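Results of the structural survey
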Amino acid sequence: MKSNSTKVILALIFIIVILGCIFIFNVLNGNKNKSTYTAKSNYSKAEIIDLIKSEDNKSNYEVEYVLNDTKYKRKYLNKKMKWEASINEKNTLSYLDFEKNTNTIINEENKIAVIQKISSVNENYMPDDMLKIIENPNCIIEKEEKISNRNAIILSYNGTGKIGNQFLFSADNSTSDTSSKVDDIKYEIKMWIDTETGLLLQTIIKANNNEQKTVYDLKLNTVTTADITIPNLSQYKVTDMTRK
């Protein structure tokens, strides 16, 4: 009788242990799922859009990226920017003052400088049509993750339409030849938005069997006044188009 009672007790203990393990596993797994859901829900679309448009934490930054074979460098400090674009060993250098609305374009080789009003360069390097994509209700929040040692929100969107010059995809599946550019195409885009500044960290765009990945090497609080100060133009031939 004692032997049978012992077996029954051991069996009950075994069952309790198994049930306890299942309960713990479900709790942990539920917490994991809850954590994932919370990470996705930390920001609403409205909050992300406000973060992108806000000037907070955007007063001092520099960024480098390559887009359509052109290398861009931007150094921004308190409404002033030094902007460089390099392609095929040719370099365009501009100094922008967003308060005065002036863009001083310098050709160092020929010692020429042209001062004109700012036309197409924004303080925030996110393209306007990308912001429109983000504002689209069908653009969804996927999750949050760390990229380039920075916390990022991932947004994704599938669409069809004119997606702009920064997403060049040609009919022959080459991004280098823009003569046969396709405007109205189906595309998928993912965007990594920095949670501190609302600035772009990475984009991946798929269209016409192409994938274009752009990494934005962002650094904060590294720009000095000297970096964005226009050099002495006394030795340059200066044309000021803002006075016309």
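Heads up: these notes are all about the structure in this document. All values derive from a computational prediction rather than experimental measurement.

1. A word on unusual backbone geometry
With a phi close to 50 degrees, N68 is a non-glycine residue in the positive phi region. Here N68 is to be found in the loop between strand 1 (60–67) and strand 2 (70–77).

2. So, the sheet that holds strand 3 (residues 80–87)
Pairing is mixed in the open sheet, where eight strands are placed in the order 12-1-2-3-4-5-6-13. The open sheet has two free edges, formed respectively by strand 12 (217–220) and strand 13 (237–240), since each of these has just one partner strand. When strand polarity is set aside, the average angle formed by the axes of neighbouring strands in this sheet is 15 degrees. Where strand 5 (residues 102–107) lies against strand 6 (residues 112–117), six bridges are found, and the strand directions are antiparallel. Bridge pairing in strand 6 links T104 to I115.

3. Things to note about the nonpolar core
Soluble, globular proteins show a tendency: their nonpolar side chains are buried together. Counting residues in hydrophobic clusters, the biggest one holds 45 residues, and the most contacted among them are Y61, Y125, L155 and M191. Looking at this core element by element, the count peaks at six residues for strand 9 (residues 184–194). Within the second largest apolar cluster, six residues are counted, among which are L93, Y95, I106 and L233.

4. Some points on helix 3 (residues 128–135)
Those residues of helix 3 that sit buried are M130, L131, I133 and I134. Projected down its long axis, helix 3 shows its buried positions confined to an angular sector of 155 degrees, all on one face. In helix 3, the exposed positions angled more than 90 degrees off the buried face are occupied by D128 and K132.

5. Structural notes on the packing of helix 2 (residues 45–53) against helix 3
One way to put it is that helix 2 packs onto helix 3 with a least axis distance of 10 Å and a crossing angle of 160 degrees. Classified by the angle between their axes, helix 2 and helix 3 sit roughly antiparallel to one another. For the pair helix 2 and helix 3, the sense of crossing is left-handed. On helix 3, the residues that touch K45, I49, I52 and K53 of helix 2 are L131, I134 and E135. Looking at side-chain class alone, the contact of helix 2 with helix 3 contains four nonpolar, no polar and three charged residues.

6. Section: the environment of S234
Within the secondary structure layout, S234 lies in the loop between strand 12 and strand 13. Along the primary structure S234 and K111 are separated by 123 residues, whereas in three dimensions their C-alpha atoms are 9.8 Å apart.

7. Some thoughts on the packing of aromatic side chains
Inspection of every chain in the model, using the stated rule, returns nine aromatic pairs. Seen in terms of ring centroids, Y72 and W83 are 6.0 Å apart; in terms of plane orientation they differ by 45 degrees. Their pairing is tilted. Linking Y72 in strand 2 with W83 in strand 3, this pair joins segments that are eleven residues apart in sequence. W83 shares its class with Y72; the two are buried. Ring pairing ties together the aromatic residues Y61, Y65, Y72, Y76, W83, F98, Y125 and Y216, which thus form one cluster.

Rules used throughout
- Residues numbered from 1 in each chain as written.
- Predicted model: local features only at pLDDT ≥ 70, side-chain atom pairs only at ≥ 80, totals over all residues.
- Heavy atoms only, no water.
- Helix = DSSP H or I, 4+ residues; strand = E, 2+ residues; numbered from the N terminus.
- Pairing = 2+ DSSP bridges.
- Axes fitted to C-alpha atoms, helices over the stretch in contact; angles between N-to-C directions.
- Core = buried A, V, L, I, M, F, W, Y, C linked by side-chain atoms within 4.5 Å.
- Buried < 20%, exposed > 50% of the residue type's maximum accessible area, 1.4 Å probe, protein only.
- Arc of directions from axis to C-beta.
- Parallel < 35°, antiparallel > 145°, perpendicular 65-115°, else oblique.
- Left-handed = near helix turned anticlockwise from the far one by under 90°.
- Contact = heavy atoms within 4.5 Å.
- Nonpolar A, V, L, I, M, F, W, Y, C, P; charged D, E, K, R; others polar.
- Phe/Tyr/Trp six-rings, centres within 6.5 Å; stacked < 30°, edge-to-face > 60°.

By themselves, these are just geometric observations and shouldn't be taken as functional.
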